[in-house]
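# Summary of the model geometry
Here's the letter readout for the chains.
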Amino acid sequence: MKTLFSDQQLEHIVEQGMIYMCACPAQVAGAMQQLRALYDYQARCLIDPRNDPKVHQAIADGVLRAHKVLEATLMEVIDLEHWDRETLSMPEGLRQRQMSEIQDDHATD
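Read on for an overview of the structure. (Residues numbered from 1 in each chain as written. Predicted model: local features only at pLDDT ≥ 70, side-chain atom pairs only at ≥ 80, totals over all residues. Heavy atoms only, no water.)

## As for helix H3 (residues 53–80)
This is how it is decided: In this text, helices come from DSSP runs of H or I with a minimum length of four residues, and strands from runs of E with a minimum of two, each type numbered from the N-terminal end. One less than the residue count of a helix, multiplied by 1.5 Å, gives the span that helix is expected to have. Only protein chains enter the accessibility calculation, which uses a 1.4 Å probe; a residue whose area is less than 20% of its type maximum is buried, one above 50% is exposed, and one in between is partly exposed.
Its 28 residues give H3 an end-to-end C-alpha distance of 40 Å, which sits within 8% of 40 Å, the value for a rise of 1.5 Å per residue. His56, Ala60, Val63, His67, Glu71, Leu74, Met75 and Ile78 are the residues of H3 that are buried. Downstream of H3 by one or two residues, histidine 82 has phi in the positive range, about 65 degrees.

Dropping the structure here:
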């Protein structure tokens, strides 16, 4: 599977979302992680001679298409939100906004 983002980069994006309570990019990254796991599972199914390869190849092909769409979406979101493309870190302004919203939520409790 060719990828634009490494597993470590996806994990970093998910962590950024957890730290700063910005779930949308993290959810896309998490969905990509799940698709990668499904693709790996299908690859194992394909080598088992007891399985119908057509079924598992169809699933693997669908996963590849879905993954490609989500990769493009994540890249677009990173660009739209002005994340650092090298470090894949959330921009300071967005981090501050998220932290401010968290503090506001706690102040009303």
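## Topic: helix H2 (residues 23–47)
With 25 residues, H2 ought to run about 36 Å at 1.5 Å a step, and its terminal C-alpha atoms sit 36 Å apart, in line with that. Listed as buried for H2 are Pro25, Ala26, Val28, Ala29, Gly30, Met32, Leu35, Arg36, Gln42 and Cys45.

## Observations concerning the pattern of salt bridges
So the rule is basically this: Whenever a carboxyl oxygen of Asp or Glu lies within 4 Å of a side-chain nitrogen of Lys or Arg, that contact is scored as a salt bridge.
Scanning the model with the defined rule gives 4 salt bridges in all. We note a salt bridge from arginine 36 to aspartate 7, for which the minimum N-O separation is 2.6 Å. Residue arginine 36 is located in helix H2, and its partner aspartate 7 is located in helix H1 (residues 7–20); the two are separated by 29 residues in the primary sequence. The residue arginine 36 makes a salt bridge to glutamate 71 at a minimum N-O spacing of 3.8 Å. Taken together, the positions of arginine 36 in helix H2 and glutamate 71 in helix H3 put the pair 35 residues apart, joining distant regions of the chain. Arginine 36 sits in the buried class, given a relative accessible area of 9%.

## A few points about the environment of cysteine 45
Tracing the sequence through the fold places cysteine 45 in helix H2. Note: C-alpha distance between cysteine 45 and valine 55 (10 residues apart in sequence) is 9.4 Å.

## A look at the environment of methionine 90
Along the chain, methionine 90 turns up in the loop between H3 and helix H4 (92–107). Between the alpha carbons of methionine 90 and glycine 17 there is a distance of 8.5 Å; along the sequence they are 73 residues apart.

## Let's talk about unusual backbone geometry
The backbone of histidine 82 shows a phi angle near 65 degrees, a positive value even though the residue is not glycine. On the secondary structure map, histidine 82 appears in the loop between H3 and H4. Overall, histidine 82 belongs to the exposed group, its relative accessible area being 62%. Non-glycine residue leucine 88 carries a positive phi angle of around 55 degrees. The residue leucine 88 is located in the loop between H3 and H4 in this model.

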